[in-house]
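Geometric and topological summary
Each chain is listed here by its residues.
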Amino acid sequence: MAEQLKGKAVADFMKTELIKRVEALKTGGITPKLGIIRVGARPDDLFYEKGIRKTCSSLGLDFQVFPYPEDISQVALERAVREVGNNNDINGLLMFAPLPKNLDEQKIRSLIPLEKDVDCMNLGSAGKVFADDVTGFPPCTPTACLDLLKFYDIPLQGKKVIVLGRSLIVGKPVAMLLLREHATVTICHSRTVELAAVCAEADILVAAVGRARMVDAAYVKSGQTIIDVGINEDPDHPGTYCGDVDFASVDPIVAKITPVPGGVGSVTTVVLCKQTVIACEMQNGLRQS
Ligand code: NDP
């Protein structure tokens, strides 16, 4: 059986350190604040919002939701995002996506100020991540993957890492963050030939494919570390969710694996708060990056 790399231990460790940093800021009269822009009231957005509110409150961060109706116009939302972006009380800003189809989402994302863009919504932040400019915030999920790997002392330098998935929110940025750590990174996708065999060559396999339990025994070998980023509705148990990895099938083979639930997802919201605290420290001249 593989060692399970549980997210809770990572999240608890990060929270202990963050509480101290928030207390230090509060002693200086500063309370970090996360703002959330929500258009409409999709159940998954409301669920995520509830989790973020809880984590912020456990860490002592202020939190404010800016809700807008689903039928808001492009002009009105642009004005609103500019206003929230210019609000000096807000240090970190997240916008739930996707936006309703009639809105130009790229345009709206581009209005989020880079120094407050704590989940890499603006392409300018993505550019910084790709250029190794550490003043740009990477998206929270890839950052959570790296925080988890580091917490469990998984060596990255010189290691062969296969990233399965090439989205702008997970696959590509996690590959860039792994490169920063001097891993040798291969990105795979739906057109990769002999995908299972390529994945089986990895020391570390990061699965971010969005297909329930796709990665099975054929994709892995002994000694590997598997990071399962997937959050998919479980086709066998509707109403619950599962990862991109077929846990039962790979567990007897690999060395280490993140469970779903209880793996990467448990760290993501804490990363969002951590990046808000970093943003607050930078905006108050207390750190460079
Ligand atoms: P996307 O759908 O945007 O991207 C999926 C990627 O997987 C694409 O690059 C696609 O390739 C590739 N892919 C799809 N099917 C196959 C296949 N059969 N063979 C090989 N490659 C394939 O998903 P996201 O990156 O947004 O999310 C990935 C997973 O991570 C999802 O399960 C999502 O729910 C989860 N997630 C988890 C988060 C967390 O906090 N833990 C946060 C964000 C996402 P191509 O480009 O060729 O189409």
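Below: a short report on this structure. (Residues numbered from 1 in each chain as written. Predicted model: local features only at pLDDT ≥ 70, side-chain atom pairs only at ≥ 80, totals over all residues. Heavy atoms only, no water.)

What follows covers the overall build of the protein chain. Within the protein chain, the secondary structure is distributed over 10 helices and 11 strands. Principal-axis analysis of the C-alpha atoms places the extent of the protein chain at approximately 50 × 45 × 35 Å. The 289 residues of the protein chain split such that 50% are buried. Within the protein chain, contacts between residues separated by at least 24 positions form 69% of all contacts whose residues are at least 6 apart in sequence. When the accessible area of the protein chain is evaluated, it comes to approximately 13400 Å², of which 53% is carbon and sulfur surface. With 32 positive and 35 negative side-chain charges, the protein chain shows a spacing of 3 Å between the two charge centroids. (Helix = DSSP H or I, 4+ residues; strand = E, 2+ residues; numbered from the N terminus. Buried < 20%, exposed > 50% of the residue type's maximum accessible area, 1.4 Å probe, protein only. Contact = heavy atoms within 4.5 Å. Areas by Shrake-Rupley, 256 points an atom, 1.4 Å probe, with all protein chains shown as cover. Lys, Arg positive; Asp, Glu negative; His and termini not counted. Charge placed at Lys NZ, Arg CZ, Asp CG, Glu CD.)

All told, the structure shown has 3 aromatic pairs when counted by the stated rule. Look at Phe151 and Tyr152: their rings are 4.9 Å apart centre to centre, the planes differ by 85°, and that puts the pair in the edge-to-face class. A relative accessible area of 18% means that Tyr152 is categorised as buried. One aromatic cluster is present, built from ring pairs that chain together Phe13, Phe151 and Tyr152. (Phe/Tyr/Trp six-rings, centres within 6.5 Å; stacked < 30°, edge-to-face > 60°.)

Attention shifts here to the site of the ligand. Taken together, 21 residues sit near the ligand, with Arg166, Ser167, Ser190, Arg211 and Ile231 positioned nearest. One of the side-chain nitrogen or oxygen atoms of Arg166 is found 2.7 Å away from an oxygen atom of the ligand. Within the side chain of Ser167, a nitrogen or oxygen atom sits 2.5 Å from an oxygen atom of the ligand. In the shell around the ligand, the residues fall into 8 nonpolar, 10 polar and 3 charged. (Near = heavy atom within 4 Å. Polar contact = N/O pair within 3.5 Å; in protein donor to acceptor, adjacent residues only side chain to side chain. Nonpolar A, V, L, I, M, F, W, Y, C, P; charged D, E, K, R; others polar.)

Strands sit in the order β1-β11-β8-β7-β5-β6 across an open sheet of 6 strands; the sheet is parallel. In this open sheet, the two edge strands, each paired with only one partner strand, are β1 (3-4) and β6 (184-188). On top of the sheet, helix α7 (residues 171-180) reaches β5 (160-164), β6 and β7 (204-207); it is set at about 165° to β5, its chief contact. (Pairing = 2+ DSSP bridges. Axes fitted to C-alpha atoms, helices over the stretch in contact; angles between N-to-C directions.)

This part covers the nonpolar core. Of all hydrophobic cores here, the largest spans 73 residues; its most connected members are Ile52, Tyr68, Leu77, Leu178, Val206 and Ile227. Here this core spans two domains, and each of domain 1 (29-114) and domain 2 (140-265) adds at least three residues to it. Apart from residues no more than four positions distant in its own chain, Ile52 is found in contact with Leu34, Ile36, Phe63, Leu94, Phe96, Thr269 and Leu272. Core analysis: the next-biggest nonpolar cluster, separate from the first, contains 18 residues, Ala202, Tyr219, Val254 and Ile257 among them. (Core = buried A, V, L, I, M, F, W, Y, C linked by side-chain atoms within 4.5 Å. Domains from an automatic or database assignment.)

As enumerated under the stated definition, the model contains 0 disulfides in all. Cysteine Cys56 shares no disulfide, and the gap to the nearest cysteine sulfur, in Cys273, comes to 3.8 Å. (Disulfide = S-S within 2.5 Å.)

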